[in-house]
Amino acid sequence: ISGPSEDRSDLYITIDKLIPEIGEDHFSLDEKTRVVTITDEGNDFIERRLQEMELLPEDQSLYDPESTTLVHHVTEALKAHKAFKKDKDYMVRNNEVVLVDEFTGRMMAGRRLSGGLHQAIEAKEGCKIQPENVTLASVTFQNYFRLYEKLAGMTGTAATEAEEFAEIYGLGVVEVPTNKPVARDDEHDAIYRTVGEKYAAIVECIQEAHEKGQPVLVGTTSIEKSEFLSQLLDQAGITHNVLNARQHEKEAEIVANAGKLNAVTIATNMAGRGTDIQLGGNVEMRVQDFLNANLEADPEDVRKRIEAEVEDEKQKVKEAGGLFVLATERHESRRIDNQLRGRSGRQGDPGRSSFFLSLEDDLMRIFGSERLDKMLSTLGMKEGEAIAHPWVNKSLEKAQAKVEGRNFDIRKQLLKFDDVMNDQRKAIFSQRLEIMEAEDVNEITQDMRHQVIDDMVDQYMPPKTYADQWDTEGLHVAVMERLGIDVPVVGWAAEEGVDDGEISERLYRAADEFMAKKAVDFGPENMRNIEKQLLLQTIDSKWREHLLKLEHLRSVVGFRGYAQRDPLNEYKTESFQLFEGMLDSLRADVSQKLSQIRPLTEEEQRRMMEQVLAQQQAAAAAAQPATPVEAAEPAQPAEGFDETDPSTWGNPGRNASCPCGSGKKFKHCHGQLV
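Residues numbered from 1 in each chain as written. Predicted model: local features only at pLDDT ≥ 70, side-chain atom pairs only at ≥ 80, totals over all residues. Heavy atoms only, no water.

Colleague: Outline the overall build of the chain, listing residues and values.
Modeller: Looking only at helices and strands, the chain has 22 helices and 14 strands in total. Taken over the C-alpha trace, the chain has a radius of gyration of 34 Å; the compact-globule value for 674 residues is 26 Å, which it surpasses by more than 25%. Across its three principal axes, the chain shows a C-alpha extent of roughly 105 × 75 × 60 Å. Relative to its full complement of 674 residues, the chain shows a buried share of 40%. Once local pairs closer than 6 in sequence are excluded, the contacts in the chain between residues at least 24 apart make up 70%. Accessible area of the chain: about 38,000 Å², with a carbon and sulfur share of 50%. (Helix = DSSP H or I, 4+ residues; strand = E, 2+ residues; numbered from the N terminus. Rg over C-alpha atoms; globule rule 2.2 N^0.38 Å. Buried < 20%, exposed > 50% of the residue type's maximum accessible area, 1.4 Å probe, protein only. Contact = heavy atoms within 4.5 Å. Areas by Shrake-Rupley, 256 points an atom, 1.4 Å probe, with all protein chains shown as cover.)

So this is what it looks like as C-alpha cells:
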C-alpha cells in the first residue's frame, strides 16, 4: 500500500535532458538484473555536466553524502532509457505511463514502479509526472497467502514449480490426467541464426497453414513484436487479427473467432491464459451477434442454424490439422510457454505447436550458452536454415530452468528478509486493531506514559548508583519537555530515603492527575476520541518511517558479507534494534503530544474561525467556474445564527444544509470548522 510524497517533477525533467549526452562508455548495463552502473569516465562526465547545469555545487563531488539524491535520479533516468522499452515493458495511454505485465501481456492500470523509476519513465516519454509513492504498508505475496488457514489451488502449469510450492507453502503438487488423450503434435524448436531469418520463416509457415485453411495463433512476447509481425503479414497479404494490450477491448471477439477456418491471430501472452479457443468458432458469440443485428429473428432457429454451421466448420478445421500455435520466442518461464501450447489440442482435438527461435532472442542472448552458437557454426548452418533437434530443446529448457531457479532464489531470499519484518508487522497491526476496537484507550496511553517515566528515571538516575551521581536537574527539564508537568524533582531527590522507585511513583501520580484534569476540561467523550486518533496517527507515521529505514537497511546489508558476516543475521539484529527504537519513540511522542494539547480559549476559537472563513472565501473565489453551473439556491441564515458563535448554529447533520444559508452541505461549509 503506498501513497504520494512531495513533488520533484522539475528535477526528473532536468536530469532527463542530460541522458542523451551520456555515451555507451559512461555506464554498464546488466540486462539480467536491469542494474545500471556508472563507470569512472561516466562519473567524471556527469559530475562536470551537473556542475554546469548548477545542480551540483563546484566544491561538491557526485559521491558526497549530499549528492545521494542526484546520483539516484541519474541512475533511475539511465535505467528508464536503457533498460525499459516502450510497448514492451510499458505503454503510453492518455498521457500516462501504464505498465504491461510481462507474463500476461495485460496493462496494469494503477500499478507504479517505486524508487522514482516510474517518474523517470514519465519524464522520458514527456508525460505528466505524478508524485513519487511512499510505502505505507507492505507484505509479500507469500506471507499474505500464509495468513489463510487453508491453501489450495488449481492451474495447468504447476508441475514445473512443484519445488517452490513444497518449500514455501508446504503444498504438494498432484497432476490430474487430461479428460481425453492429447492429440496435439508438439514439434521441436526451430532455431535460426538471426531474427530476420526467423521472421521470414514464420511468415512462410503461416502462409502454408493459411492456404490449407488451418487456424493459426501466433504468440509474441511484447506489443512491439506483435505489431512488427502484423506489418510483415500485411506485406505478405495475409488477413489477420492482433490481440494485445492496445486492443484489449476486442479481446472476447478476437478469441471467439481465433479457431475459425483460415483465421490468423497474433497475440501477446494475453491469449495464452484462460482462453478456450473453440474450433469452428464460438456458438454463443455468433448467436448473440446475429440476434443483436436482427432483433425480430427467432432465437431457437438462429441457434440451430449456427450450431450446424459451426459443427460443419469444426470438421473442416480438424481435417486441416486443428489449431496451430506458433510461438515466436521462448519466454523466461516454461510455464508461460506451456500455457500458450495448451491453447491447442483441447479436449482431444487435433492440433500442432511449434517454437521459432533465433540466437538473437533475449533469452538466448542473455541466458543461453555460447556453446550453442559455436555448435551451430560448427554444423555449418547456412542463411535461412534452421536446426531442430531434441538436444537443442534440452539446452533451451536448461537455460529456462536456470532463469526460473535464479528467480526462485531471489523470491526465497526476499521471503527470508520479509519473515523478519512479518513478526514486527503482526505486532504493530494487532496493537493497531486492538486500539481501533477499544472503547477507551486511556489504559494504553497511561501504560505508555509510565514506560516513558521509567525510561527517563533510568536515564537520569541509573540503577545501582549513588544519589550524588543522579542528574536531577536533567530529569526535571526532561519531565517538563516530555510530560508538560513542573514538579520539584530536585527537592524530592534531596529527601532522606527517597530512591528511584519512589521518584517514579510520584511522577506517575503527578502525570496521571495532570491528564485527568485535561480529560475534565475536554469532556470524557472528546478526550477518548483525541487519544484514539493521536495513537493511530502516531503509529501509522512511525511505521512508515520504520519501513523506510528497513528498506534502506536491506539495500546496504549485503555489503556485510565482505566482512564474513551473514547479511540475514545482521538484518535480523539491526531490524530488531530499529523496532525497539520505534516503540520507544512511539511512546515518547504519544505522551508528549497528549501533554501538549489543550482546549482553545474563546478568543482563539473566534480568531481561528475568522481565518478559516477568509481562506474558504478566497478559495471559493479562485475556484469560480468560467461557465455558470447549477448550484443550490442560497437561503436566508437560520434565526439567531451568528457566524462567530457555534452555539447559535443548532445541531445540523453533516449532510444537512448549512444554517448560514449558503446552500452548501454543513460538512462542506461551517461544519469544517468544528
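Colleague: Go over the pairing of strand β10 (residues 216-219) with me, naming the residues and quoting the values.
Modeller: Here β10 shows two buried faces, one formed by Val216 and Val218 and the other by Leu217 and Gly219. As paired elements, β10 and strand β12 (residues 264-267) share 4 bridges and run parallel to each other. Note that in β12 the partner of Val216 across the bridge is Val264. Here β10 runs beside strand β13 (residues 323-327); their pairing, made up of 4 bridges, is parallel. (Pairing = 2+ DSSP bridges.)

Colleague: Requested: an account of the pattern of salt bridges, with residues and values cited.
Modeller: In the structure shown here, the tally under the stated rule is 39 salt bridges. The salt bridge involving Glu125 is made with Lys86; its shortest N-O contact spans 4.0 Å. Of this pair, Glu125 sits in helix α4 (residues 117-125) while Lys86 sits in the loop between α3 (68-82) and β4 (90-93), and the two are 39 residues apart along the sequence. Residue Glu125 is classed as partly exposed on the basis of its relative accessible area, which comes to 24%. For Glu122, the salt bridge is made with Arg112, and the minimal N-O distance between the two is 3.2 Å. Remark: Arg112 occurs in the loop between β6 (107-108) and α4 and Glu122 occurs in helix α4; sequence separation between them is 10 residues. Take Arg112: its relative accessible area is 26%, and that puts it in the partly exposed class. Three or more residues joined by partner-sharing salt bridges are found here, namely Glu21, Arg48, Arg49 and Glu52. (Salt bridge = Lys/Arg side-chain N within 4 Å of Asp/Glu carboxyl O.)

Colleague: So what's going on with the sheet that holds strand β5 (residues 96-100)? Which residues, and what values?
Modeller: Overall, antiparallel pairing links the 3 strands, which are arranged β4-β5-β6 in an open sheet. Only two strands of the sheet have a single neighbouring strand rather than two, namely β4 and β6. As paired elements, β4 and β5 share 4 bridges and run antiparallel to each other. Each residue of the ladder has a partner; that of Met91, found in β5, is Val98.

Colleague: How would you sum up the packing of aromatic side chains? Please name residues and give values.
Modeller: Considering all chains together, one arrives at 10 aromatic pairs under this definition. Both rings, one in Phe141 and one in Phe145, keep their centres 6.1 Å apart while their planes meet at 20°; by these two values the pair is stacked. With Phe141 and Phe145 both in helix α5 (residues 141-145) and 4 residues apart, the pair spans about one turn of that helix. Taking relative accessible area as the criterion, Phe141 reaches 63% and is therefore assigned exposed. Residue class for Phe145 comes out partly exposed when judged on its relative accessible area of 32%. Centroid distance Tyr144 to Tyr148: 5.9 Å. Interplanar angle 85°. Geometry classified as edge-to-face. On the basis of relative accessibility, which here comes to 38%, the residue Tyr144 falls in the partly exposed class. What makes Tyr148 partly exposed here is its relative accessible area of 46%. The rings of Phe141, Tyr144, Phe145, Tyr148, Phe165 and Tyr169 are connected pair by pair, giving a single aromatic cluster. The aromatic ring of Phe417 is capped on one face by Arg554, whose charged end is 4.8 Å from the ring centroid. (Phe/Tyr/Trp six-rings, centres within 6.5 Å; stacked < 30°, edge-to-face > 60°. Lys NZ or Arg CZ within 6 Å of the ring centre and 35° of its normal.)

Colleague: So what about the environment of Tyr169? Which residues, and what values?
Modeller: Relative to the elements of secondary structure, Tyr169 occurs in helix α6 (residues 162-169). Taking relative accessible area as the criterion, Tyr169 reaches 23% and is therefore assigned partly exposed. Put simply, Tyr169 and Glu187 are 18 residues apart on the chain and 35 Å apart in space, counted from C-alpha to C-alpha. Other than its neighbours up to four places away in sequence, Tyr169 contacts Gln142, Phe145, Leu151 and Glu164.

Colleague: Account for the state of the cysteines, with residues named and values stated.
Modeller: For the coordinates displayed, the defined rule picks out 0 disulfides. Unpaired in terms of disulfides, Cys669 finds its nearest cysteine sulfur in Cys660, a separation of 3.7 Å. (Disulfide = S-S within 2.5 Å.)

Colleague: I'd like a description of the packing of helix α7 (residues 195-211) against helix α8 (residues 223-235), backed by residues and values.
Modeller: The contact between α7 and α8 brings their axes to 11 Å, and the two run at 60°. By the angle class used here, α7 and α8 are oblique. Judged by the sense of rotation from one axis to the other, the crossing of α7 with α8 is right-handed. Taking contact as the criterion, the partners of Tyr199, Ile202, Val203 and Ile206 in α7 are, on α8, Lys225, Phe228, Leu229, Leu232 and Leu233. (Axes fitted to C-alpha atoms, helices over the stretch in contact; angles between N-to-C directions. Parallel < 35°, antiparallel > 145°, perpendicular 65-115°, else oblique. Left-handed = near helix turned anticlockwise from the far one by under 90°.)

Colleague: So, helix α21 (residues 567-596): which residues are in play, and what are the values?
Modeller: An ideal rise of 1.5 Å per residue puts 44 Å on 30 residues; α21 measures up with 42 Å between its terminal C-alpha atoms. Those residues of α21 that sit buried are Leu568, Glu570, Tyr571, Ser575, Phe579, Met582, Leu586, Arg587, Val590, Ser591, Leu594 and Ser595. Packed against the buried residues of α21 are α15 (390-437), α16 (442-460), α17 (472-483), α19 (500-522) and α20 (524-557). (Expected span 1.5 Å × (residues − 1).)

Colleague: So what's going on with a nonpolar patch on the surface? Residues and values would help.
Modeller: On the surface, a cluster of nonpolar side chains totalling about 700 Å² of accessible area is made up of Val139, Phe141, Tyr144, Phe145, Leu147, Tyr148 and Leu151. Tracing the backbone through its elements, the reader meets Tyr148 in the loop between α5 and α6. (Patch = residues over 30% accessible without salt bridge, like charges linked within 9 Å, V, L, I, M, F, W, Y side chains within 5 Å.)

Colleague: I'd like a rundown of a negative patch on the surface, residues and numbers included.
Modeller: Together, Glu24, Asp25, Asp40, Glu41 and Asp44 make up a region of like negative charge exposed at the surface. Mapped onto the fold, Asp40 is located in helix α2 (residues 40-52). Judged by relative accessible area, Asp40 falls into the exposed class, the value being 62%. (Lys, Arg positive; Asp, Glu negative; His and termini not counted. Charge placed at Lys NZ, Arg CZ, Asp CG, Glu CD.)

Colleague: Before we move on, could you go through unusual backbone geometry and cite the residues and values that matter?
Modeller: Despite not being glycine, Asn94 shows a phi value in the positive range, around 50°. Turning to its location among the elements, Asn94 is positioned in the loop between β4 and β5. For Asn94, a relative accessible area of 78% gives the class exposed. Positive phi, close to 50°, is recorded for Gln347, a residue that is not glycine. Assignment of secondary structure puts Gln347 in the loop between α12 (334-341) and β14 (350-358).

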